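# Survey of secondary and tertiary structure
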Amino acid sequence: ATYLYVRQAVQSERVYTRQRRTRRDMSLLRLASRLPRAAARHNLRCLSGSHSDFETVRKKVPATAEGVQAMIKEQVEGTPVMLYMKGTPQQPQCGFSQQVCRVLHATGVEFDSVNVLEDESIREGVKQYSEWPTIPQLYVGGEFIGGCDIVTEAFQSGELDETFRAAGVKK
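Notes on the structure follow. (Residues numbered from 1 in each chain as written. Predicted model: local features only at pLDDT ≥ 70, side-chain atom pairs only at ≥ 80, totals over all residues. Heavy atoms only, no water.)

Assigned secondary structure in the chain consists of seven helices and four strands. Burial statistics for the chain: of 171 residues in total, 32% are counted as buried. For the chain, long-range pairs separated by at least 24 residues make up 55% of all intrachain contacts whose partners lie at least 6 apart in sequence. A total of about 11,800 Å² of accessible surface is found on the chain, and carbon and sulfur atoms cover 49% of it. (Helix = DSSP H or I, 4+ residues; strand = E, 2+ residues; numbered from the N terminus. Buried < 20%, exposed > 50% of the residue type's maximum accessible area, 1.4 Å probe, protein only. Contact = heavy atoms within 4.5 Å. Areas by Shrake-Rupley, 256 points an atom, 1.4 Å probe, with all protein chains shown as cover.)

In structure tokens, the structure reads:
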């Protein structure tokens, strides 16, 4: 409960900078400034407030180009909808990746994604795998669909929904 109040106080500090602060707000702001130090002293993590079971799990990237290709093939064929993008769906690092995420969210399908900025071998490996020079790349049912322009056009024409239905991803 204290964490929630601290969070509210920090948010109110941003929103109400010109308004008079109450004693409660000021004390909560002081508490918020001490949280990182207290967490370090007691060997605690105060990043998101969630359990470690919900953290992102990253696979180790193989050292060889063949290993990277095998890993990409496994990801593409093992996931109904796979997006290779710059950044994450929550925080895209590229306007084109953001656009494809918006399209996928608008269709309502669940998808997995790989941040190609985390490893150069994956970034180059996915380009070789699809023989397509740009990122983002969308795969549905193990089949390469395309990049931002193609996905956007397919969404606008209704072809993307048909592709999802044919792959059994959407009813």
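After that view of the structure, there is still more to cover.
So, on to a negative patch on the surface. A grouping of Asp 149, Glu 153, Glu 159 and Glu 162 is seen on the molecular surface, where their side chains present a negatively charged patch. Of all the secondary structure elements, the ones that give two or more residues to the negative patch are helix H6 (148-157) and helix H7 (159-166). (Patch = residues over 30% accessible without salt bridge, like charges linked within 9 Å, V, L, I, M, F, W, Y side chains within 5 Å. Salt bridge = Lys/Arg side-chain N within 4 Å of Asp/Glu carboxyl O. Lys, Arg positive; Asp, Glu negative; His and termini not counted. Charge placed at Lys NZ, Arg CZ, Asp CG, Glu CD.)

Quick look at the pattern of salt bridges now. Counted under the stated rule, the structure contains one salt bridge. Between Lys 127 and Glu 124 there is a salt bridge, with the nearest N and O atoms lying 3.8 Å from each other. Of this pair, Lys 127 and Glu 124 both sit in helix H5 (residues 120-130), separated by three residues, roughly a single helical turn. Here Lys 127 falls in the partly exposed class, since its relative accessible area comes to 21%.

Time to look at the nonpolar core. Ranked by size, the top nonpolar core spans 17 residues in total, and within it Val 81, Leu 83, Leu 104, Leu 138, Val 151, Leu 160 and Phe 164 carry the most contacts. Of all the elements in the fold, those that place two or more residues in this core are strand E1 (81-85), helix H4 (95-107), strand E3 (137-140), H6 and H7. Here the element with the most residues in this core is H4; it accounts for four residues. Excluding its chain neighbours within four sequence positions, the residues that come into contact with Leu 160 are Val 103, Thr 107, Leu 138, Val 151, Ala 154 and Phe 155. (Core = buried A, V, L, I, M, F, W, Y, C linked by side-chain atoms within 4.5 Å.)

The phi angle of most residues is negative, glycine excepted, and most peptide bonds adopt the trans form. The amide bond that connects Ile 135 to the next residue, Pro 136, takes the cis arrangement and shows omega of 15 degrees. Inspection of the secondary structure assignment puts Pro 136 in the loop between H5 and E3.

Let's shift gears to the sheet that holds E3. Spatially, E2-E1-E3-E4 is the arrangement adopted by the four strands of the open sheet, whose pairing is mixed. The open sheet has two edge strands with one neighbour each: strand E2 (112-115) and strand E4 (143-146). Geometrically, the sheet is characterised by an average inter-axis angle of 25 degrees between neighbouring strands, direction not taken into account. Strands in contact with helix H3 (residues 65-78) are E1, E2 and E3; relative to E1, the strand with the most contacts, it is inclined by about 135 degrees. Together, E1 and E3 form the strand contacts of H4, whose direction differs from that of E1 by roughly 160 degrees. (Pairing = 2+ DSSP bridges. Axes fitted to C-alpha atoms, helices over the stretch in contact; angles between N-to-C directions.)

Summed over all chains, the structure comprises four aromatic pairs. Summarising the aromatic geometry, the rings of Trp 132 and Phe 144 are spaced 5.5 Å apart at their centres and angled 55 degrees between planes, so their arrangement reads as tilted. Placement of the pair is Trp 132 in the loop between H5 and E3 and Phe 144 in strand E4, with a sequence separation of 12 residues. For the pair Tyr 139 and Phe 144, a centre-to-centre distance of 5.3 Å together with 50 degrees between the ring planes defines the contact as tilted. Given the relative accessible area of 23%, Phe 144 is considered partly exposed. (Phe/Tyr/Trp six-rings, centres within 6.5 Å; stacked < 30°, edge-to-face > 60°.)

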